[in-house]
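Residues per chain, in single letters:
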Amino acid sequence: MTASRRVALSSDHAAIPLRQAIAAHVSAQGWEVVDIGPVTPESTHYPKHGQAAAALVASGDCRLGIILCGTGQGIMMAANKVKGIRCGVCSDTFSARMIRQHNDANMLSIGARVVGEGLALEIVDAFLGAEFEGGRHATRVEMIEAPEA
Ligand code: RB5
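It should be emphasised that the depicted structure is a prediction, and the values quoted were computed from it without experimental measurement.

(A) Region of the structure containing the environment of alanine 138. Of note, alanine 138 is situated in helix H6 (residues 136–145). Looking at alanine 138, the relative accessible area reads 24%, which means it is partly exposed. Residues alanine 138 and aspartate 104, 34 residues apart in the sequence, show an inter-C-alpha distance of 8.2 Å.

Pasting the structure below:
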């Protein structure tokens, strides 16, 4: 399968059951899921998991990535330090759609202690189902990226 239908997935210990539910849901939709764990519930450090998933997206191995921690915030901050990554935390479907359409986000972060599984799966669907609109938004995304150049 090409990278265009491949999604990277990772979390910290706070989000393992939700990450696994997302993996099953996304896989059933025909995406190839690269789930890099963790699988055991010991306390771990969200930056390394977020940045490992971000590396898969930044390299082009996966087109998109979904990462989770308790709030979604810390792992998002860590992922956004990887060059080429645009990751937003979403707790609603509107934002999840808009970060693709307007911001060309290539990663989505979700807080497993913030949203329940049903809403989280809808957020994932909104993110994966949307495409970047380009046009005037492309100029703004270039401006986001400019400090990395
Ligand atoms: C872990 O307790 C928690 O700090 C982490 O999952 C996340 O919420 C950090 O942003």
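(B) Layout of the site of the ligand. For the ligand, the full set of nearby residues is Asp12, His13, Ala14, Tyr46, Cys69, Gly70, Thr71, Gly74 and Arg113. Aspartate 12 places a side-chain nitrogen or oxygen 2.6 Å from an oxygen atom of the ligand. About the coverage of the ligand: the protein hides 71% of its 300 Å² of free accessible area. Its residues placed into classes, the shell around the ligand shows 3 nonpolar, 4 polar and 2 charged.

(C) Spotlight on the sheet that holds strand E4 (residues 87–89). The strand order across the open sheet formed by 5 strands is E2-E1-E3-E5-E4, and the pairing between neighbours is parallel. Edge positions in the sheet fall to strand E2 (32–35) and E4, since each has one partner strand and no second. Put simply, the sheet's adjacent strands are angled 20° from each other on average, direction ignored. Sheet analysis places strand E3 (residues 64–69) next to strand E5 (residues 107–111), joined by 5 bridges and oriented parallel. Among the inter-strand pairings, leucine 68 is bridged to a residue of E5, identified as isoleucine 110.

(D) Layout of the packing of aromatic side chains. Here the structure, examined in full by the defined rule, presents 0 aromatic pairs. The lysine or arginine in question, arginine 5, covers the ring of tryptophan 31, its NZ or CZ lying 4.4 Å from the ring centre. Lying across the ring of phenylalanine 127, arginine 100 places its NZ or CZ 6.0 Å from the centre.

(E) Layout of the pairing of E3. The element E3 is extensively covered by neighbouring structure, given that 6 of its 6 residues are classed as buried. Taking every second residue as pointing to the same face, both faces of E3 are buried, with Leu64, Ile66 and Leu68 on one and Gly65, Ile67 and Cys69 on the other. For strand E1 (residues 6–11) and E3, the ladder comprises 5 bridges, and the chain directions are parallel. The residue of E3 that forms the bridge with valine 7 is leucine 64.

What counts and what doesn't
Residues numbered from 1 in each chain as written. Predicted model: local features only at pLDDT ≥ 70, side-chain atom pairs only at ≥ 80, totals over all residues. Heavy atoms only, no water. Helix = DSSP H or I, 4+ residues; strand = E, 2+ residues; numbered from the N terminus. Buried < 20%, exposed > 50% of the residue type's maximum accessible area, 1.4 Å probe, protein only. Near = heavy atom within 4 Å. Polar contact = N/O pair within 3.5 Å; in protein donor to acceptor, adjacent residues only side chain to side chain. Areas by Shrake-Rupley, 256 points an atom, 1.4 Å probe, with all protein chains shown as cover. Nonpolar A, V, L, I, M, F, W, Y, C, P; charged D, E, K, R; others polar. Pairing = 2+ DSSP bridges. Axes fitted to C-alpha atoms, helices over the stretch in contact; angles between N-to-C directions. Phe/Tyr/Trp six-rings, centres within 6.5 Å; stacked < 30°, edge-to-face > 60°. Lys NZ or Arg CZ within 6 Å of the ring centre and 35° of its normal.

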